[in-house]
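Remarks on the overall topology
Here are the chains, one letter per residue:
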Amino acid sequence: MTLRMQNWGLNTYLYGPKDDLKHRLLWREAYSPDEEGQLRTLIAEAQSRGLRFVYALSPGQDIVFSSSSDVTLLKRKLRQVSDLGCQAFAILFDDIDHSLCQADSEAFSSFAHAQVFVTNEVYRFLGEPPVFLFCPTEYCDSLCSPSVSKSPYLQTVGEDLLPSITVVWTGSKVISRKLSLDNLAEVESVLQRPPLIWDNLHANDYDSRRLFLGPFKGREPQLRGHLSGLLLNPNCEFEANYIPLHSLGSWFRTGNDENKDDMCEYCPERALSAALRDWMEELNQPLQAGRQSAQTEQRSSAPPSRCKTADRVECPSALRGTSATARLPVFPLNSSSPPSSPKEERPGQEGEKKRLNQSGQCHQPPPGSRSGGGSRDQKGQGRGLCSGKGLLSESQVRLLVGLHYLPHEHGPSAQKLLQDLTWLKSNCHLVSTNNKKSPPQVEEWRGRASRFQSLCEDIAQLHCSVVGGANRAVLYDLYPYVWDLRNMALVAKAFVCWLDGRMLSDSSTLGSWKTCLHWCGKSTGVDVLGMESEPWVFKGGVSGEVQMLLPIGNSSELFTHPPPLFPTSRLYNIRPYHGKDKVELYRMVRQFHLRTQGGHETSTSHPDIIGDRCLGPCLALCPEYGFILEDELGVCGCVLGVLDVRSFAKRCQASWIPAMRDKYPLKSGNTQDLIQLMEEDQGEYPDSLLYHFPSQLRLDALPELVDISVSRTLLATLLTALKANGSQGVFCEVQPTDRQRLEFLTKLGFLEILRGEARSREGVVLGRLL
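Below, the structure is looked at part by part. In this numbering scheme, every chain counts its residues from 1 along its sequence in written order. Note on the predicted model: pLDDT of at least 70 is required for a residue's local features to be given, and 80 or more for side-chain atom pairs to be given and counted; whole-chain, interface and lining totals, by contrast, use all residues. Neither water nor hydrogens contribute to the side-chain values; these are computed over all heavy atoms in the structure.

Moving on, we come to the side chain of aspartate 631. Labels follow the DSSP assignment, with helices taken as runs of H or I lasting at least four residues and strands as runs of E lasting at least two, numbered in each case from the N terminus. Within the fold, aspartate 631 resides in strand β10 (residues 626-631). The classification of residues rests on relative accessible area computed with a 1.4 Å probe and restricted to protein chains. Under 20% of the type maximum is buried, over 50% is exposed, and intermediate values are partly exposed. Owing to a relative accessible area of 3%, aspartate 631 belongs among the buried residues under this scheme. Of the polar contacts made by the side chain of aspartate 631, one reaches the backbone nitrogen of leucine 633; its length is 2.8 Å. Any pair of nitrogen or oxygen atoms within 3.5 Å is treated as a polar contact; in protein, a donor-acceptor pairing is required on top of that, and neighbouring residues in sequence qualify only through side-chain atoms on both sides.

Here is the structure:
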C-alpha cells in the first residue's frame, strides 16, 4: 500500500482498522511488545516512503468523559503509539450513542462539550502535534439536528475545539454522491475552520456483495481550496483499491499551479483509463497475496508519468493557501489491516494448482458433447476446468469494473445488463405461448435476448479468467464478487432463454406474464431509492438488482451462498431442456441406479426403464419446465418441474401410463410391477399439500458434482420459471433412506412439511413457498 501511495503522489496513511480490537472495542488496553513491533514497522515503512502515518483511536462507545481514569488511559494509549514514532493522531467519535451517562450529565452541559473537553485535553498532552483530527458524531448533513447551520452540537465544536485541531466531514451523506462548494462553505462557517473530507465513496464494509472499482468521481478539484485535506476510505479488499487510489492521485495532481496543460484537467473516465493501463501490468504478473512483484518494486523509484506529483505538506495550518508551496494533503484511509500473508494450503489445493498451471484456453464444446468419448468416472476430477493461467484482457477488466463501479452509479456493462433484463421481462409477451405479434417484434426480442445471454456468458468467462489468472493476490480478494455475479448470471441467462415460447397464455387459470411478473421489481435499485438515499438501503449491488428483476427476487437465500474454500475454475451452463437431451438424462439416472444397486444391472432387457419411471412423465408432458446443467463434458445435472400436479396426474393416467403399458407388455416379466410403481408415482396428494404447494420438482446431479452452489443456481432457475407462470409453492418427495438427497435439499432451503401422508408408501415431502 505505501509503495503504491508513494508512486501516485499520496502523502498520508491513516491507521484505524476495525479488526484491531485495541483501536475501538478494547481501546483502553495497551499494545503488547509484539504488537508494538508490528506498529513500529508499519510507521517506519510509511515514513520511509515519505508518508505521514496517522494513528486513530475510537473510544466513544464506552468512554466516561468525566472519568479521570478513562482520560488517563486514553493519554497512555496515545503516548505509547507516540513513543513508536507516530507524530499524527485522530480521535473518532463517529457512529456512537448521543446520550451521556449520569456522571457525564452532571459534569458537562452537553454531549459536544464532553467530547471537546477530552479532545482538547489529549491534544495538549501530546504537545499539540501538527496533525490532529477530530471526527464528530454529527459528521455529515443528514446526521445534523436540525441542520448544519442550526446544530447546537456543531456550534459547540466550532466554538470550543482548539483551532489547530482539524474536524472530519463526509459531506451531505455518510456516502455522498457529490461534494458541493455550497455545502462545504456552510460547514466551514459553523466549524470555524475548513473541514477535512473523510470520503466513503469506495468503502464497502456495509455490504458483503458489493465492491467499488470505479474512479474517484463527483468531487471537483475546485473543492481543494475549501478543505484541510481529503481521506479516502477504500474497499476492505486490498487489491480492489488500485483504481480508486490511482485515480485519487490523478485528482490530487489536477490543477497544480505548475501544471497548465489542459490534458491534466481531471476527467474520471480518463483517470479510469490511465489506472486500467497501469493495473493491467500487475493483474497478469505472478503475485502472491501480501507480496510485491519484482516489477512493482522496480517502478517504485520512478515518478508518476502523467502529471507532476505535489510536494508533501508539513503543516496543516498552511493548507488553506493557494500558492505553489501550500499543497492539499490527500489522505487514503485504511479501513482494514495490512495485507495478510498467503493463505495456508488446504488439502486438494496442490492438485488444483497443477491443473491451473497447465497452458490452454477455456473451451466449451457443444451441449451434450464428450471430449474423446470418455466417461465421467474417468474424467470427473478434471470436469469443467478452465485450464491455464491465461492473461486477463483489458475488455474483461473493463467488464469487471463496470459490474462493480460506484455506490450510486453502475458502469456501462451493469447498466446494459439491467436495462436489457428489464426490457426482456417487460416484453416477454411478444414470445409467449399464444403470441400473435408480427415477426419484426419477435425478432427484436430475440435479438436483445441473444445479446443479453452473450453478456452473461462473458461474466461467466470473467470468473474463469480471474481464477485462472497469474495474480493470486487479486484472485483471493476479488473471487467472492465474481463468484456471486457468475451464479446470478447463470440464472438470468437461463431464465431469459426459457421465456422464449414458454410463458403461459393470458387465459391460463394459474397465471400469466401479466399477473405474475409484476411481483418482481420493475426498476433498478438506484432508480427505486432515488438520488439521496444511502447505498446500503438496497444491498447486493448488480447481483441484488438482477435478483429483484426475477420473479423470486425476495428469496435471497437461494442466490447468496459463500464461495468454496479454494477457488474453482469449472465452467457451467444452465439452459432449458431440449428433446435431444433425453438420451443423456436417461443414461445419467441409470448410472445413479447402478451405483445404488452396487453395480448390478437389473434392467438389461429394458435400459430405458429407470429413465421412463424417474424422468419420463415430466419430459413427455411438461418439458417446458426442464433445465439442464452442463459443463465442458456435457450434461451433468437436471431439474424437472411440474407446474400443476393435479392436472399433471390426470394427464399421466390418460396418456403416459397407457404408453408405458404398450412399451412394456406383460410378457416382459416384472414389468407389471413397473407399471404399478409408475401409477403409484402419480398417486393422490392431499389437498392440504397442493393448496400451498401446487408444483413439484425433481433435482438430479452427478455424484461428483460437489459444488452445491451450482445445484442451488439450477434450482433457482426452475423456481423462477414456476413462479413466473403463477405457482405459489413447490414440493419434492424424498425417500427416508436417501439421506444424502434429503440433506442436500434441506441445505437448498427446503423445509420439511409432511411425513408419510403423500402416498400409500412412506416418504418425506419437502416444500418451499415462492
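Let us now look at the nonpolar core. Phe53, Tyr55 and Trp445 are the most contacted members of the largest nonpolar core, which totals 194 residues. Considering each element in turn, this core owes the most residues, 18 residues, to helix α16 (residues 472-499). Two residues form a contact once any of their heavy atoms are found within 4.5 Å. If sequence neighbours within four positions are ignored, tryptophan 445 has contacts with Trp423, Leu424, Asn427, Cys428, Leu430, Val431, Val496, Leu499 and Asp500. Counting residues in hydrophobic clusters, the runner-up holds 19 residues, among them Val54, Val168, Leu196 and Leu231. The term nonpolar core refers to a set of buried residues drawn from Ala, Val, Leu, Ile, Met, Phe, Trp, Tyr and Cys, joined through side-chain atoms within 4.5 Å.

What follows deals with a nonpolar patch on the surface. In this scheme, patches are assembled from residues that exceed 30% relative accessible area and form no salt bridge. Like charges are connected within 9 Å, while nonpolar side chains (Val, Leu, Ile, Met, Phe, Trp, Tyr) are connected within 5 Å. For every accessible area listed, the method is Shrake-Rupley and the probe measures 1.4 Å; residues are considered covered only by the protein chains on display. A pairing counts as a salt bridge when a side-chain nitrogen of Lys or Arg comes within 4 Å of a carboxyl oxygen of Asp or Glu. A cluster of nonpolar side chains, Leu21, Leu25 and Leu26, forms an exposed patch at the surface whose accessible area comes to about 260 Å². Structurally, leucine 26 is set in the loop between β1 (12-15) and α2 (33-48). Taking relative accessible area as the criterion, leucine 26 reaches 31% and is therefore assigned partly exposed.

What counts as a ring pair is set by centres within 6.5 Å for rings of Phe, Tyr and Trp (its six-membered ring), and what kind of pair is set by the plane angle: stacked under 30 degrees, edge-to-face over 60, tilted for all other angles. Under the counting rule described, the total for this entry stands at 18 aromatic pairs. Between tryptophan 498 and tyrosine 625 the ring centres are 6.1 Å apart and the planes differ by 45 degrees, which places this aromatic pair in the tilted class. In this pair, tryptophan 498 is assigned in helix α16 and tyrosine 625 in the loop between α23 (616-621) and β10, connecting sequence segments 127 residues apart. Considered together, tryptophan 498 and tyrosine 625 belong to a single accessibility category, that of buried residues. Each residue in the set Tyr13, Tyr15, Tyr31, Phe53 and Tyr55 is aromatic and connected to the rest through ring pairs, giving one cluster. Stacked on the ring of tryptophan 423, the Lys or Arg arginine 448 has its end atom at 4.3 Å from the ring centre. Cation over ring: arginine 486 sits above tryptophan 483, and NZ or CZ is 4.8 Å from the ring centre. Put simply, a charge is over a ring when the Lys NZ or the Arg CZ is close to the ring centre, within 6 Å, and near the line of the ring normal, within 35 degrees.

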